[in-house]
Amino acid sequence: MTGPTVVEDTEMTATADDGTPLAGTLTLPAGPGPHPAVVFLPGSGRLDRESDTRRIRFALGTPLARTLAQHGIASLRYDRRGVGATPGDWRAVGFHTNRTDAAAALRALRTHPEIASAAVGVVGHSEGAVHAMWLGANENPAAMVLIAGYARPGIDAFHWQATKVADTLRGPARLFAPLMRRVTARHPARVRATTTDVARVGGMRTNARWWREQLTYDPRPDLRRIQAPVLAITGQKDLQVAPEDLTVIANLVPGGADTRLITDLTHVLRRDPNPPSVLNYRRLLGQPVDPPLLTDIAAWLATHLR
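What you are looking at is a predicted structure, and each value in this text was computed from that prediction instead of being measured. (Residues numbered from 1 in each chain as written. Predicted model: local features only at pLDDT ≥ 70, side-chain atom pairs only at ≥ 80, totals over all residues. Heavy atoms only, no water.)

J.: Explain the overall build of the protein to me, and be specific about the residues and the numbers.
T.: When helices and strands are tallied, the protein shows 10 helices and 10 strands. The globule rule puts the C-alpha radius of gyration for 306 residues at 19 Å, and the 19 Å found for the protein is close to it. Along the first, second and third principal axes, the C-alpha atoms of the protein reach 60 × 45 × 40 Å. The buried share of the protein, reckoned over its 306 residues, is 56%. (Helix = DSSP H or I, 4+ residues; strand = E, 2+ residues; numbered from the N terminus. Rg over C-alpha atoms; globule rule 2.2 N^0.38 Å. Buried < 20%, exposed > 50% of the residue type's maximum accessible area, 1.4 Å probe, protein only.)

Rendered as structure tokens:
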């Protein structure tokens, strides 16, 4: 059952550990506060508060915030470093910095006068879901939603994704599959050989520190320390995160987890009845994020944050 519609979006800035201002949007539901709330953590790359890049419009931030607000839940979404209104160079930012920035956003939301400090959770997608696992072990969120989050060492997740993407190329693109496999097989060693934040890897300017840290991080020890209720969701047709990792999450979280494998759902959170392929992403991104998915997330949070 949904509640009143959104009354306002306001600008909100969280301050990172090194003083960097993380610019974002706080969406408040109608009615008097304090409200339960969540921080939204996006996937990988040069993403703004909507999970958009300059070339790719994922358009997740606002639909999620609106759906949450209709269920009485406030939310904070923010621009990554070097994106939108947040200063910095996104290529120089490490995987570990992304997660400490997430912790800073969580702490800032807890202190906001319109927010119920004991009822602040986190929603993460892809990389954001992995950071949410770390937050669950270290920052005690009230509830956690993990959307397409892997539960294995980063290097294993990378190889699973690369193999799956190459294996599902279709048509003329299949000719590039052997080359893709060779390039991705070499990538971890090339990244490990770097020592700077930004480096040329395979001829391309790369966020090398992010890669080094991501490939070595294993979320499983953090999953074992989570005390908050957990909802873990992965799409049946996700090519970037192994659906079987849902079982790992359920087995490792001490209190168990509510795990859901969603039929036809892809990593870009749109459903596709066709055979899965990253070549479908451009078409899928022309559609809205799956509305039932957002409603299910909001309804689950409304129960666990109150």
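J.: Can you break down the pattern of salt bridges residue by residue, with the values?
T.: It is possible for side chains bearing opposite charge to pair when their charged atoms get close. Inspection of the entire model under this criterion finds 19 salt bridges. The closest approach of N and O atoms between Asp 222 and Arg 225, which form a salt bridge, is 3.5 Å. As a salt-bridge pair, Asp 264 and Lys 237 come within 2.9 Å of each other at their nearest N and O atoms. Of this pair, Asp 264 sits in the loop between β10 (258–262) and α9 (281–284) while Lys 237 is found in the loop between β9 (230–235) and α8 (245–252), placing the two residues 27 residues apart along the sequence. Take Lys 237: its relative accessible area is 13%, and that puts it in the buried class. If you follow the salt bridges from partner to partner, you end up with Glu 11, Arg 49 and Asp 79 in one network. (Salt bridge = Lys/Arg side-chain N within 4 Å of Asp/Glu carboxyl O.)

J.: How would you sum up helix α3 (residues 127–138)? Please name residues and give values.
T.: Along its 12 residues, α3 runs 17 Å from first to last C-alpha, staying within 8% of the 16 Å computed at 1.5 Å per residue. For α3, the buried fraction is high: 11 of the 12 residues fall into the buried class. If you check which residues of α3 are buried, you get Glu 127, Gly 128, Ala 129, Val 130, His 131, Ala 132, Met 133, Trp 134, Leu 135, Gly 136 and Ala 137. Positive backbone phi, at 55°, marks Asn 140, one or two positions downstream of α3. (Expected span 1.5 Å × (residues − 1).)

J.: Could you give me a rundown of the packing of helix α2 (residues 95–110) against α3, with the residues and numbers involved?
T.: At a closest axis distance of 10 Å, the pairing of α2 and α3 adopts a crossing angle of 65°. Viewed along their axes, α2 and α3 form a crossing whose handedness is right-handed. Contacts from Phe 95, Asn 98, Arg 99, Ala 102 and Ala 103 in α2 reach Glu 127, Val 130, His 131, Trp 134 and Leu 135 in α3. Tallied by class, the residues present in the contact of α2 with α3 amount to 6 nonpolar, 2 polar and 2 charged. (Axes fitted to C-alpha atoms, helices over the stretch in contact; angles between N-to-C directions. Left-handed = near helix turned anticlockwise from the far one by under 90°. Contact = heavy atoms within 4.5 Å. Nonpolar A, V, L, I, M, F, W, Y, C, P; charged D, E, K, R; others polar.)

J.: Which residues make up the pairing of strand β4 (residues 74–78), and what are the values?
T.: Of all 5 residues in β4, 5 are buried; the element is thus mostly enclosed. Where burial is concerned, the two faces of β4 agree: the one with Ala 74, Leu 76 and Tyr 78 and the one with Ser 75 and Arg 77 are both buried. Sheet topology note: the strand β2 (residues 21–29)/β4 ladder contains 4 bridges and is antiparallel. Residue Thr 25 lies in a different strand from β4, and its bridge partner there is Arg 77. Bridging between strand β3 (residues 35–41) and β4 involves 3 bridges; their strand directions are parallel. Along β4, the bridge assignment pairs Val 38 with Ser 75. Handedness of the β-α-β unit built from β3, helix α1 (residues 61–70) and β4 comes out right-handed. (Pairing = 2+ DSSP bridges. Right-handed = clockwise from strand over helix to strand, strands pointing away.)

J.: Could you give an account of the nonpolar core, with specific residues and numbers?
T.: Membership of the largest hydrophobic core comes to 52 residues, with the highest contact counts inside it found for Leu 41, Leu 109, Ile 115, Leu 146, Leu 223 and Ile 249. With 7 residues, α2 is the single largest residue contributor to this core. Not counting the four nearest positions on each side in its chain, Ile 249 is found in contact with Met 133, Leu 146, Gly 149, Ala 151, Leu 223, Val 230, Ala 232 and Ala 257. If you look at the next biggest cluster of nonpolar residues, it comprises 31 residues, including Leu 68, Val 145, Ile 233 and Leu 269. (Core = buried A, V, L, I, M, F, W, Y, C linked by side-chain atoms within 4.5 Å.)

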